[in-house]
Amino acid sequence: MDKANILASQARDAVLELRRRHATIASCAAWLSSRPQLENHGHFHAAVALGLSGNSTAAGRHFNAAANLRTDVPWRLELSRTCARLADIVSNRSVFVDAVSDTIQRTRRLLRL
């Protein structure tokens, strides 16, 4: 087997393992929220997964942690504002799910996906 096929086979196996390990949003949330020393994006991703899996209390903690991180970097400031907004709505499941869905759709449209 040539190197390209070996690499493709390893990639396939890795993807299958990730699909098995993270088969549900709840399992993703558990893994994401267990990561040590989360920064803005880590807290954001954990919070979204926790919120979508129904754990709004833990999601709110992660959103607030991301919102309160000090930074002068413009994209991180924007992420902090987004997290503060999502922290305010995460306890209302339908509003939260709609907000996440709208963000995904808008991002996909902007990226022409």
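Below is a summary of the structure that appears in this document. Throughout this description, residue numbers start from 1 for each chain and increase along the sequence as written. Side-chain atom pairs in this predicted model are given and counted only at pLDDT of 80 or more, local residue features only at pLDDT of at least 70, and totals for whole chains, interfaces and linings cover all residues. Side-chain numbers come from the whole structure's heavy atoms, not from hydrogens or water.

1. Comments concerning helix 4 (residues 56-67)
The periodicity of an α-helix, 3.6 residues per turn, causes residues three or four places apart in sequence to face the same way. In a regular helix each residue adds 1.5 Å, so twelve residues correspond to 16 Å; helix 4 covers 16 Å between its end C-alpha atoms and thus fits that length. By the burial criterion, the buried members of helix 4 are Ala58, Ala59, Gly60, His62, Phe63 and Ala66. Numbering of helices and strands starts at the N terminus; helices are DSSP runs of H or I of at least 4 residues and strands are runs of E of at least 2. For a helix, the expected span equals 1.5 Å multiplied by the residue count minus one. Only protein chains enter the accessibility calculation, which uses a 1.4 Å probe; a residue is then buried when its area is under 20% of its type maximum, exposed when over 50%, and partly exposed in between.

2. Re the pattern of salt bridges
Here, a salt bridge means any Lys or Arg side-chain nitrogen found within 4 Å of an Asp or Glu carboxyl oxygen. Taken as a whole and assessed by the stated rule, the structure comprises five salt bridges. Notably, a salt bridge pairs Glu17 with Arg21, separated by 3.4 Å at the nearest N-O pair. Of this pair, Glu17 and Arg21 both sit in helix 1 (residues 3-21), four residues apart, which is roughly one turn of that helix. The residue Glu78 makes a salt bridge to Arg81 at a minimum N-O spacing of 3.1 Å. A residue pair is termed a helical-turn pair when its members lie 3 or 4 positions apart in one helix, as Glu78 and Arg81 do in helix 5 (residues 74-89) at three residues. Taken together, the shared-partner salt bridges in this structure form one network comprising Glu17, Arg20 and Arg21.

3. Quick notes on the packing of aromatic side chains
Paired rings are identified among Phe, Tyr and Trp, the last through its six-membered ring, by centres lying within 6.5 Å, and are further divided according to the angle between planes into stacked (under 30 degrees), edge-to-face (over 60) and tilted (the rest). Considering all chains together, one arrives at two aromatic pairs under this definition. Through successive ring pairs, a cluster of aromatic residues spans Phe44, Phe63 and Phe96.

4. Regarding unusual backbone geometry
The bulk of non-glycine residues show a negative phi, and the bulk of peptide bonds are trans. A positive phi angle is found at Arg112, which is not glycine, with a value near 55 degrees. Within the secondary structure, Arg112 sits in the segment after helix 6 (93-110). Residue Arg112 is classed as exposed on the basis of its relative accessible area, which comes to 78%.

5. Regarding the nonpolar core
One finds Phe44, Phe63, Cys83, Leu86 and Phe96 to be the most contacted residues of the largest nonpolar core, which totals 18 residues. Every element with two or more residues in this core is listed here: helix 3 (40-52), helix 4, helix 5 and helix 6. With five residues, helix 3 is the largest single contributor of residues to this core. Apart from the residues within four sequence positions on either side, Leu86 is in contact with Phe44, Phe63, Phe96 and Ala99. By convention a nonpolar core is built from buried Ala, Val, Leu, Ile, Met, Phe, Trp, Tyr and Cys residues, the set being connected through side-chain atoms within 4.5 Å. Whether two residues touch is decided by their heavy atoms; if any such pair falls within 4.5 Å, the residues are in contact.

6. Quick word on the layout of surface pockets
Here a cavity is any set of points on a 1 Å grid over the protein atoms alone where a 1.4 Å probe fits but cannot get out, and a pocket is any open set with protein on both sides within 12 Å along at least 5 of 7 lines; a residue lines the site when it has an atom within 4 Å of a point. Grid points are joined across faces, edges and corners, and a volume is the space filled by probe spheres set on the points. Put simply, the largest pocket is a space of about 400 Å³. Here the lining of the largest pocket gets six residues from one element, more than from any other, and that element is helix 3. Grouping the amino acids of the lining of the largest pocket by side-chain chemistry returns nine nonpolar, five polar and two charged. Three residue categories are used. Nonpolar comprises Ala, Val, Leu, Ile, Met, Phe, Trp, Tyr, Cys and Pro, charged comprises Asp, Glu, Lys and Arg, and polar comprises the others, including Gly.

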